[in-house]
There are 2 protein chains.
Amino acid sequence: MGVNDRKEREKEELRALILAAAVEVFLQKGFDNTSIRAIADKIEYSPTTIYLYFKDKAALFHAIHQEGFKLMFHHFVPLQQVADPFERLLLQGRYYLDFAFQNPELYDLMFLQPGTMEALPDDLEWMEGNAAFGSLVQNVQACIDARIIWAESAEVLAFTIWASVHGIASLQIQKRCNKVISDHLKPHIATLAFEQVNLMLKSFRIDRVPRG
Amino acid sequence: MGVNDRKEREKEELRALILAAAVEVFLQKGFDNTSIRAIADKIEYSPTTIYLYFKDKAALFHAIHQEGFKLMFHHFVPLQQVADPFERLLLQGRYYLDFAFQNPELYDLMFLQPGTMEALPDDLEWMEGNAAFGSLVQNVQACIDARIIWAESAEVLAFTIWASVHGIASLQIQKRCNKVISDHLKPHIATLAFEQVNLMLKSFRIDRVPRG
DNA sequence: CAAACATACTGAACACTGTTCAACAAAACA
DNA sequence: TGTTTTGTTGAACAGTGTTCAGTATGTTTG
C-alpha cells in the first residue's frame, strides 16, 4: 500500500514542521515564553494537534534539545582534521565555548535546564550527552596514550575538564559573570574564557614547567 | 509616635512571615511549583497581600536568594580559623561544594536561575555574589602573596577556580552527572568532586612536581 | 464621643498557561 | 454508497501571576 507510506511521510512532515516552529519560537522568545499556543499559532494549527505528535511539553523540549546537539556536533566536525591530540583537545574546548556563547538558549536547554533530563523518555540513556562526553574522553585518552598528559583515569580527567568549561559557559549564560567580574575585564570575557581553558589544559601537561 | 513604630514593626514581621513561608514552600516543592497562592495559603493570607510586601514574584525570589547567601556565609565562618592560605582555599572549595550538594534548590536559585539576576532591584549591584567572590579573590591573593601559588591576576585565577567548582556543582544539580559518568564512579561522585578541586588547586602550586 | 481619614487586606476578575476529551470532518476502505 | 478509520479541533478544566475596586479596621481629628 502506497497510501500508508504517504501518510507516514505526511505525519513525519508535520512533526518536523511543529519542531521547526518550536525551535524558532524557542530561540526568539526564550525558554519561559515558549508556549504550546504560540507554536500552534505559528504553523496555523490547533494547540491540540501538537499533542498528537508530542506526548507533552517536556517531550517537545526534549526534541528541541536533540536539535541543539545536532548543531553542536556540526560545530565539532572540523576537529577530525586535527592530528595532534593535545591541539584537538584545546580546540574542542574552544568550539564547545563557541557553541555555548553563540547559542545560549540552546546550551541552556541542553546542559542547564533540569527538566530536560527528568523528561528523558522511558528513563532511557542520555544518548546525546553520552556521545558528546564520549568524544571528550576519547581525546583525553589520546593525549594520555601519546604521553602528553598524565592522568589515572581518562574519564575522571575528562569530567574535570568538562566541568571547568561548562562552569565558564554556565556563569556567562546565567548572567553571573558580568555582575562579579571587574569592569576592565568585561570586554575580554570571551577571550578570557578561552585562555582559562588553555591554562587549565596546559597545567595537565607532563612537560609543564613549574612557574614563579 | 509609638504607633507608627509598632506598625512598622508589624509590617516587618509580616514580611518576614511571608518570606519564611516562601522559603519553606520553595524548599519543599521546588522552584517550578512555588506559587504565590501556595505561599498565601500557608500563612492564611490572601495572595494579594503578598504584593503589598513584594513587588512581584521575582522580588520575592530575590529575597529567598538572599536567605540562601546568608546560609552560605554561615557555612564559611569556620574558614576564618584556618591560618594557612592554601589550606583555606582548599577548604573553601570543599565548603562551597558541601553547601551546593546539601542545598541544591537554593544553589539553583542563587547561581543558576537567570531570572534571579534579571530581577535585580533597580539594576543595582549583585551584593551577595560580589561578597562571596570577593572572599575567594582574597584567599587566592593570600596564596599568591605567600608564594604558594603563581598567577598574573588573582581575580582571573579566582574566576577560573569558581567556574570549575561551579561547573561540578551545576552538572550534579542539573542532573547531567549521573547520566554520563560510569556506573562504578557514581557512588563516589561527591568524593570525586572534592578530589577534582584539590587536583586543580594543587596544579597551580609553584612547588608542583611534574608527573609521569 | 462621633465623624473623617488612612491603612491593611481581600474577592473577583483578567489574561495567560498545559492538557484533555468529546465532537467533527475528511479520507480510505468495503 | 455506506462504514470505518484517521486527523483535527473547540471548548473546557485547573492552574498560574497580577491588578483593581471595594471593604473593614484602627487611628486621628473635630
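Residues numbered from 1 in each chain as written. Chains lettered and ligands numbered in written order. Predicted model: local features only at pLDDT ≥ 70, side-chain atom pairs only at ≥ 80, totals over all residues. Heavy atoms only, no water.

Quick notes on the protein's contact with DNA strand C
And step 1. Taken together, 21 residues are adjacent to DNA strand C, and Arg6 and Tyr51 of chain A together with Thr48, Thr49 and Tyr53 of chain B come closest.
And step 2. Close to the protein, within 4 Å, the atoms of DNA strand C are drawn from sugar and phosphate at a rate of 57%.
And step 3. Taking Tyr51 of chain A, its side chain carries an N or O atom lying 2.7 Å from a phosphate oxygen of DNA strand C.
And step 4. Counting only elements with at least two residues in the surface near DNA strand C, the list comes to helix 1 (2-29), helix 2 (36-43) and helix 3 (47-53) of chain A together with helix 1 (2-29) and helix 3 (47-53) of chain B.
And step 5. At 4 residues, helix 3 of chain B tops the list of elements feeding residues into the surface near DNA strand C.
And step 6. Each residue belonging to the surface near DNA strand C can be placed in one class, and the counts come to 8 nonpolar, 6 polar and 7 charged. (Near = heavy atom within 4 Å. Polar contact = N/O pair within 3.5 Å; in protein donor to acceptor, adjacent residues only side chain to side chain. Helix = DSSP H or I, 4+ residues; strand = E, 2+ residues; numbered from the N terminus. Nonpolar A, V, L, I, M, F, W, Y, C, P; charged D, E, K, R; others polar.)

Points about the interface of chain B and chain A
Interfaces are often sized by the amount of accessible area the parts lose when they come together.
And step 1. Taken together, the contact pairs 49 residues of chain B with 49 residues of chain A.
And step 2. With both sides pooled, the region where chain B packs onto chain A buries about 4500 Å², and carbon together with sulfur makes up 63% of that total.
And step 3. Along the contact surface separating chain B from chain A lie 0 salt bridges.
And step 4. At the junction of chain B and chain A, the tally comes to 13 residue pairs in polar contact (both at pLDDT 80 or more). (Contact = heavy atoms within 4.5 Å. Buried area = accessible area lost by both parts, 1.4 Å probe. Salt bridge = Lys/Arg side-chain N within 4 Å of Asp/Glu carboxyl O.)

Concerning the side chain of Gln174 of chain A
And step 1. Summarising the element assignment, Gln174 of chain A is placed in the loop between helix 9 (154-173) and helix 10 (177-180).
And step 2. Side-chain polar atoms of Gln174 of chain A contact the backbone oxygen of Leu112 of chain B, separated by 3.0 Å.
And step 3. Ignoring any residue separated from it by four or fewer positions in sequence, one finds Gln174 of chain A in contact with Asp108 and Leu112 of chain A together with Phe111, Leu112, Pro114, Met117 and Gln174 of chain B.

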